[in-house]
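Fold and geometry: a report
Here is what each chain is made of, one letter per residue.
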Amino acid sequence: MYQLRLCLLLFISTIVSLQAQQPKNHTSSEIYEAVQKLNFLGSVLYIAAHPDDENTRLISYMSNEVKARTAYLSLTRGDGGQNLIGPEIRELLGVIRTQELLAARRTDGGEQRFTRANDFGYSKHPDETLEIWNKDDVLADVVWAIRTFKPDVIINRFDHRRAGETHGHHTASAMLSMEAFDIVNDASKYSSQLELTETWQPKRLFYNTSWWRYGSQKEFDKLDKSNMLTFDVGKYYTSKGKSNNEIAALASSQHLSQGFGRLSERGSQNEYIEFLKGESLNNSDNIFEGIDTSWNRVSGGKAIGNILKSVETNFNFRNPSAHLPQLLEAYKLLQTIKDKHWRTVKTKELKTIIEACAGLYLEVSANTPSAAPSSDVKLNMEVLNRSTANINLASYNLSTLPTGISKNMPLASNQKLNFEDHISIPNKSKYTTPYWLNNKSTLGMYNVKNQNLIGLPETPRAVFVDFNLLIEGTPITITKPVVYRYSKPDKGELYRPFEIIPIVSASLSHKVYIFENDGQKDIEVTVKAGKDAITGFVQMAYPDGWQVFPQKQKIEIGNKGDIQKVMFTVIPPKNQSEGSITPMVNIDGKFYTDEIIEIDYAHIPFQTVLMPSESKVVRLDIKIQGNSIGYIEGAGDVVPESLRQIGYDVTIIKPEQITPENLDDFDAIVMGIRAYNIVEDLQFKQRFLLDYVKDGGNLIIQYNTSRGIKVDNLAPYDLQLSRDRVTDENALVRILEPNHPILNFPNKIGIQDFEGWVQERGLYFPDKWSTEFTPLLASNDKGENSKEGALLVAKYGKGNYIYTGLSFFREFPAGVPGAYRLFANLLSAGKQESNTLKN
Ligand SMILES: [Zn+2]
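Quick caveat, the model's predicted, so the values are computed rather than measured.

Along its length, the protein chain carries 18 helices and 43 strands. For 839 residues, the compact-globule formula gives about 28 Å, and the C-alpha radius of gyration of the protein chain, at 30 Å, lands near that figure. Based on the C-alpha atoms only, the size of the protein chain along its principal axes is roughly 90 × 75 × 55 Å. Here the protein chain, with 839 residues, has 56% of them falling under the buried criterion. Surface exposure of the protein chain reaches about 35300 Å², of which carbon and sulfur atoms provide 48%.

Let us look at the coordination of the zinc ion. In this structure, His-50 (ND1), Asp-53 (OD) and His-170 (NE2) serve as the protein donors to the zinc ion, at separations of 2.1 Å. Here Asp-53 falls in the buried class, since its relative accessible area comes to 9%.

Helix H10 (residues 301-313) packs onto helix H2 (residues 28-38) with a crossing angle of 145° between their chain directions and a minimal axis gap of 10 Å. In the packing of H2 onto H10, the handedness of the crossing is left-handed. Within the contact between the two elements, H2 uses Tyr-32, Val-35, Gln-36 and Leu-38 and H10 uses Leu-308, Val-311 and Glu-312. Taken together, the residues of the contact of H2 with H10 sort by class into five nonpolar, one polar and one charged.

Quick look at helix H16 (residues 682-694) now. If you check H16, its first and last C-alpha atoms are 17 Å apart, about what 13 residues at 1.5 Å a residue would give, namely 18 Å. Among the residues making up H16, those that are buried are Leu-682, Lys-685, Gln-686, Phe-688, Leu-689, Leu-690, Tyr-692 and Val-693. Gly-696, located one to two residues past H16, shows a positive phi value of around 115°.

This next bit is on a negative patch on the surface. Together, Glu-661, Asp-664, Asp-665, Asp-691 and Asp-695 make up a negatively charged patch on the protein surface. Among the structural elements, Asp-664 can be located in helix H14 (residues 660-664). When its relative accessible area of 54% is taken as the criterion, Asp-664 is described as exposed.

Quick look at the packing of aromatic side chains now. The tally for this structure, following the rule as stated, stands at 24 aromatic pairs. Relative to Tyr-272, the ring of Phe-220 lies with its centre 4.9 Å away and its plane at 80°, an arrangement referred to as edge-to-face. With Phe-220 in helix H8 (residues 217-222) and Tyr-272 in strand E9 (residues 270-278), this pair connects stretches of sequence that are 52 residues apart. By the burial criterion, Phe-220 is buried, and Tyr-272 matches it. Among the aromatic residues, ring-to-ring pairing joins Phe-754, Trp-757, Phe-808, Phe-812, Tyr-820 and Phe-823 into one connected group. Above the plane of the ring of Phe-220 lies Lys-225, whose end atom (NZ or CZ) is 4.7 Å from the centre.

We now examine the nonpolar core. Counting 56 residues, the largest nonpolar core has Ile-354, Leu-360, Leu-379, Met-381, Phe-467 and Leu-469 as the members making the most contacts within it. Setting aside chain neighbours within four positions, we find Met-381 in contact with Glu-363, Val-364, Tyr-396, Leu-398, Leu-417, Asn-418, Phe-419, Asp-421, Val-465 and Phe-467. With 49 residues, the next largest nonpolar core counts Ile-629, Val-670, Val-793 and Ala-819 among its residues.

Right, let's talk about the sheet that holds strand E33 (residues 628-632) for a bit. Taken in spatial order, the seven strands of this open sheet run E34-E33-E35-E36-E43-E42-E40, and their pairing is mixed. Because the sheet does not close on itself, it has two edges, and the strands there are strand E34 (649-652) and strand E40 (773-775). For this sheet, the mean inter-axis angle between neighbouring strands, taken without regard to orientation, is 20°. Two strands pair when backbone bridges link them, and strand E36 (residues 698-701) and strand E43 (residues 799-804) are joined in this way by four bridges, in the parallel orientation. If you follow Leu-699 over to E43, its bridge partner there is Tyr-801. Those strands touched by helix H18 (residues 817-827) are E33, strand E35 (668-671), E36, strand E42 (791-796) and E43, and its axis lies near 140° from that of E36.

So, on to unusual backbone geometry. Phi is mostly negative for residues that are not glycine, and the peptide bonds are mostly trans. Looking along the chain, the bond that leaves Phe-549 and enters Pro-550 is cis, with omega of -10°. Along the polypeptide, Pro-550 turns up in the loop between strand E25 (547-549) and strand E26 (552-557). A cis geometry characterises the amide bond from Phe-745 onward to Pro-746, with omega recorded as -10°. As for its position among the elements, Pro-746 is in the loop between strand E38 (733-735) and strand E39 (762-769).

Below, the discussion takes up the environment of Trp-295. When you line up the elements, Trp-295 lands in the loop between E9 and H10. By relative accessible area, which is 4% here, Trp-295 ends up buried. It is 9.2 Å that separates the C-alpha atoms of Trp-295 and Leu-38, two residues lying 257 residues apart in sequence.

Most of helix H3 (residues 56-65) sits out of view: eight of its ten residues are buried. All of the buried residues along H3 are Thr-56, Leu-58, Ile-59, Ser-60, Tyr-61, Met-62, Ser-63 and Asn-64. With a side-chain oxygen positioned 3.1 Å from the backbone nitrogen of Arg-57, the residue opening H3 is Asn-55. Once H3 finishes, Lys-67 follows within two positions and takes phi at roughly 75°, a positive value.

Along the chain, the position of Asp-53 falls in the loop between strand E1 (43-48) and H3. The buried charged residue Asp-53 lacks any salt bridge, with Arg-97 as its nearest oppositely charged partner at 6.7 Å. A polar atom in the side chain of Asp-53 sits 3.3 Å from the side chain of His-170. Once residues within four sequence positions are removed from consideration, Asp-53 is found in contact with Ala-48, Tyr-72, Arg-157, Phe-158 and His-170.

Right, let's get into the pairing of strand E27 (residues 563-571). In the sheet, strand E23 (residues 521-529) pairs with E27 via eight bridges, with the strands oriented antiparallel. Bridge pairing in E27 links Lys-528 to Ile-563. The pairing of E25 with E27 spans three bridges and is classified as antiparallel. What sits directly across from Gln-547, in E27, is Ile-571.

Basis of the calculations
Residues numbered from 1 in each chain as written. Predicted model: local features only at pLDDT ≥ 70, side-chain atom pairs only at ≥ 80, totals over all residues. Heavy atoms only, no water. Helix = DSSP H or I, 4+ residues; strand = E, 2+ residues; numbered from the N terminus. Rg over C-alpha atoms; globule rule 2.2 N^0.38 Å. Buried < 20%, exposed > 50% of the residue type's maximum accessible area, 1.4 Å probe, protein only. Areas by Shrake-Rupley, 256 points an atom, 1.4 Å probe, with all protein chains shown as cover. Donors = N, O, S within 2.8 Å, 3.2 Å for Na, K, Ca; no water. Axes fitted to C-alpha atoms, helices over the stretch in contact; angles between N-to-C directions. Left-handed = near helix turned anticlockwise from the far one by under 90°. Contact = heavy atoms within 4.5 Å. Nonpolar A, V, L, I, M, F, W, Y, C, P; charged D, E, K, R; others polar. Expected span 1.5 Å × (residues − 1). Patch = residues over 30% accessible without salt bridge, like charges linked within 9 Å, V, L, I, M, F, W, Y side chains within 5 Å. Salt bridge = Lys/Arg side-chain N within 4 Å of Asp/Glu carboxyl O. Lys, Arg positive; Asp, Glu negative; His and termini not counted. Charge placed at Lys NZ, Arg CZ, Asp CG, Glu CD. Phe/Tyr/Trp six-rings, centres within 6.5 Å; stacked < 30°, edge-to-face > 60°. Lys NZ or Arg CZ within 6 Å of the ring centre and 35° of its normal. Core = buried A, V, L, I, M, F, W, Y, C linked by side-chain atoms within 4.5 Å. Pairing = 2+ DSSP bridges. Polar contact = N/O pair within 3.5 Å; in protein donor to acceptor, adjacent residues only side chain to side chain.

Listed below in structure tokens is the structure:
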């Protein structure tokens with residue numbers, strides 16, 4: 001894992017040199033391409049379920065070759081996946097993956113949309129998916145995305161006809177798209193949306209098929225393709241010095257948290273789309289057939305089109321500012337057209353082109369990356385006209401003030417204008433945080449009340465400045481969010497979004513505290529000041545039956561950004577019990593209960609997430625046997641620290657340290673998740689592990705995926721992994737061998753130990769094994785046959801070999817008592833003869 005992480009990090013820092021927040025400066029070629037796009041009035045919406053589902057080759061092709069306004073609607077933000085670059089999971093991973101999608105779209109030229117659907121993990125069937133998601137709400141959001149983006153063409157990534165054959169989220173995304181297509185134009189459907197937008201009818205809907213849909217290229221070649229269109233997505237763009245598939249590879253390589261960094265491809269390559277719905281095509285390969293994608297499409301657009309077509313045809317690459325008079329003329333005409341949708345979309349595009357042609361540089365940087373409500377922030381503004389155009393800064397507006405500030409300053413060519421101002425962050429300002437995390441979500445849905453926010457990739461910036469300019473006498477307002485600009489000696493110039501934070505925040509050091517007996521634990525609270533001179537006290541909210549001392553701890557922090565740590569002693573009740581604790585910071589009679597989580601990776605902008613500061617406390621009725629555990633890390637999990645919490649001494653064994661002498665002393669060796677998929681050394685070291693078992697050791701192997709196992713002999717006996725999984729975390733578990741020592745020592749395991757599990761029971765269970773193995777548990781998802789490979793035990797020599805696909809790595813961080821009790825038994829295998837019990 002360490003090596004993998006290291007090489008991913010190196011990869012991130014070398015290839016993604018462009019800082020995500022740096023202001024974009026356009027080259028002549030980029031301005032020209034923007035003009036070409038400005039002259040195309042057609043749009044494509046690509047629909048799938050997760051970050052990384054999207055086919056960046058096709059998105060890039062639609063955006064860069066066809067010049068269509070192209071967006072990817074990802075129903076979820078991908079919270080359910082795993083993170084290969086850091087510790088963030090669930091909501092925080094969703095925040096990272098949202099930003100990775102935005103980074104991908106900055107690369108391939110698309111836009112990004114979402115729904116409120118929550119990625120709850122693997123789902124076998126769309127029926128289950130749509131039950132957990134609240135189908136009606138997700139359908140409403142797909143309809144909303146279509147009504148607001150107004151695509152002419154929709155392309156589904158997945159096949160709506162394959163229920164049960166692939167991830168349920170995937171099929172569900174296609175099914176919802178099909179259903180939405182038929183109702184978006186019906187004003188009686190989701191009619192409250194129509195207070196904010198209008199109905200819309202896309203012209204046609206396609207499915208982005210591929211050979212893998214048909215099992216092999218050979219099968220696909222045989223297919224009748226009369227209902228399909230094909231595009232060569234390997235097109236080379238001289239203006240970019242890149243081909244379309246190279247751009248696509250760069251875009252999908254933004255999905256680094258998924259380990260999607262990949263090699264680029266060049267040369268001719270075909271993509272296929274199958275016609276599903278809408279107006280059929282008349283033997284043409286133009287997906288926009290029957291739609292006028294020129295400026296004639298909008299009433300009053302002809303005159304605008306004439307001007308802009310001439311700019312495109314006669315584009316001056318040496319001096320794009322020569323086109324300013326024409327662009328401004330088009331801008332004025334554009335403001336008069338009635339079609340609000342196209343007026344808004346094209347005004348935004350045209351303003352960017354005008355700004356770029358004028359070589360305008362407008363920036364507002366704060367003297368601090370963040371500030372609390374009611375505080376004062378110094379702003380530095382840089383205004384620069386790098387053309388010979390006649391430009392005047394008439395005034396500017398701070399978003400925090402109702403009225404503008406008059407300037408009336410001519411911007412002489414290339415003469416920088418710097419001036420300072422300051423803003424008072426309003427007392428009632430909302431804190432900066434992803435809007436979809438503001439309210440408590442359910443397993444299947446984010447809870448967003450404001451319809452205008454639904455679907456947006458991120459929270460609109462709260463603090464910005466409108467620059468009111470007169471460009472050659474034409475008033476144009478350009479808006480810039482406030483940023484924080486700084487430099488680091490080893491990284492150069494860096495940008496961060498400016499953020500509003502609470503005056504104080506508090507965090508606990510762990511997300512779950514396990515009390516393996518009735519002994520007390522000291523728990524540390526870290527309080528961080530969001531402004532200078534904080535005084536107050538911290539107290540702890542805790543569940544009934546528990547005790548916390550002292551009642552209050554005083555805090556006094558001098559400087560913004562500084563922290564103070566305070567300790568509380570937590571005493572659990574005598575019996576098994578669970579609940580949560582929250583540090584509450586009281587400043588001037590007001591309680592603050594949130595923690596600030598900062599996410600900082602080079603390939604995405606700096607993210608600040610505000611979450612309720614809350615940790616689970618669990619008093620376990622657990623006995624443990626043995627003490628020292630060796631852990632060989634796989635793809636990354638928190639199992640080692642979870643085992644430490646219940647009193648084990650856990651040592652991480654690096655691959656190069658796997659030697660007979662090093663293994664000898666451990667009471668048990670545990671393999672991290674997917675270790676056999678990742679750790680190359682295991683092909684040479686597996687024999688030492690099996691010898692360790694033979695000599696009386698206890699080896700516990702957590703799940704591996706069936707593909708790409710690094711060893712020939714995963715087990716001392718025949719053991720075949722499959723893709724069997726039980727995704728329903730509440731699926732009934734049947735105990736096959738109630739008298740087996742592993743289910744009885746030192747803890748008596750019963751059906752109640754499988755209550756309260758999260759996300760799933762387990763995955764990649766073996767489906768074939770030799771008779772030396774004893775299966776202990778059986779379970780299955782609804783409508784499936786019994787899966788008995790979740791926990792297999794075999795005697796080998798004097799020791800025990802245990803293979804388990806149960807999701808301990810998910811249950812431990814969620815503080816699930818039964819998972820701890822069962823794992824303690826796995827660690828104690830073969831020890832019932834020896835010693836007395838620890839507790
Ligand atoms: Zn997916």
